[in-house]
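Take a look at the letters that make up each chain.
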Amino acid sequence: MASNPAPESGGTPVPRHVAIIMDGNGRWAKARRLPRLAGHKQGVDAVKRVSRAARELGIEVLTLYAFSSENWRRPEEEVRDLMGLLRHFLKNELRDLVAENVRLRVIGDYHALSGDLAAMIDDAIARTAVNTGATLVIALNYGAQAEIVAAARRLAAAARAGKLEPDRIDEAMFGDALTTHGLPPLDLLIRTSGEQRLSNFLLWQAAYAELLFVDTLWPDFDGAALADAIAQFGKRQRRFGGL
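A short tour of the structure in this document, coming up. On a predicted model such as this, the values are computed, not experimentally measured, just so you know. (Residues numbered from 1 in each chain as written. Predicted model: local features only at pLDDT ≥ 70, side-chain atom pairs only at ≥ 80, totals over all residues. Heavy atoms only, no water.)

Notes on the nonpolar core
In terms of nonpolar packing, the biggest core is built from 46 residues, with I20, I121, L136, I190, F221 and L226 touching the most fellow members. For this core, the element with the most residues is helix α3 (residues 76-99), which contributes 9 residues. Excluding anything up to four places from it in sequence, I20 contacts V50, L62, T63, L64, Y65, I190, F201, W218 and F221. Among the nonpolar cores identified, the runner-up in size contains 16 residues, and Y142, L186, F201 and A206 belong to it. (Core = buried A, V, L, I, M, F, W, Y, C linked by side-chain atoms within 4.5 Å. Buried < 20%, exposed > 50% of the residue type's maximum accessible area, 1.4 Å probe, protein only. Helix = DSSP H or I, 4+ residues; strand = E, 2+ residues; numbered from the N terminus. Contact = heavy atoms within 4.5 Å.)

Here is the structure:
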């Protein structure tokens, strides 16, 4: 689905919805002969910087790929460290999100995380639900293929129950069955660290998104890097299949 025209800042079109695959924490740490945890800590700092920069630039929705359903394959200690950093982020950033009128949304099966962490996430979502400013979306225990399968199952169950005719299922209805329902279409997807793949992230939503792969490691990504990405986005011609 094509996005509505993006607002402009200084004559440059600004994407309404930007998603980022935050990659490179481990390599950042390795290059400095530091433990991987140090890279993840710097990555959390980058989340704070970039999310604030996104709001200043006029981006309505920022979606960050924080923990994929495949990340469970990492060493148990690293997963535990990542969950600890998530707890720290929620404790320390929730007040600012509320004060800055930011709505927090989480996609993915985050209830599969530990009970106390899932409760913290539920509380953060509830406390920011009435906010009307920008939206920060965190993808946790998320996998796009699983998301698409779950949506198909929900629609199939509704059809089997006689609640909808299968022939009525179209792209818009399917999109509404995804976890990103209600959000603007994805305009720009950025991946840091030089890797050029989507890694099972927003596969349906990225159908007409502009893709940008940058060499910067995530801990070094900042507001200036985001502004440069938006400038590159503004130079592209989006035809959505037309001329």
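Moving on, there is more to tell.
Topic: the environment of L183
As for its placement among the helices and strands, L183 is situated in the loop between α6 (171-176) and β7 (188-191). According to the relative accessible area criterion, L183 is buried, its value standing at 12%. Residues L183 and H88 lie 95 residues apart in sequence; the distance between their C-alpha atoms is 27 Å. Beyond its immediate stretch of four places on either side in the chain, L183 contacts H17, V61, R103, R105, T135 and V137.

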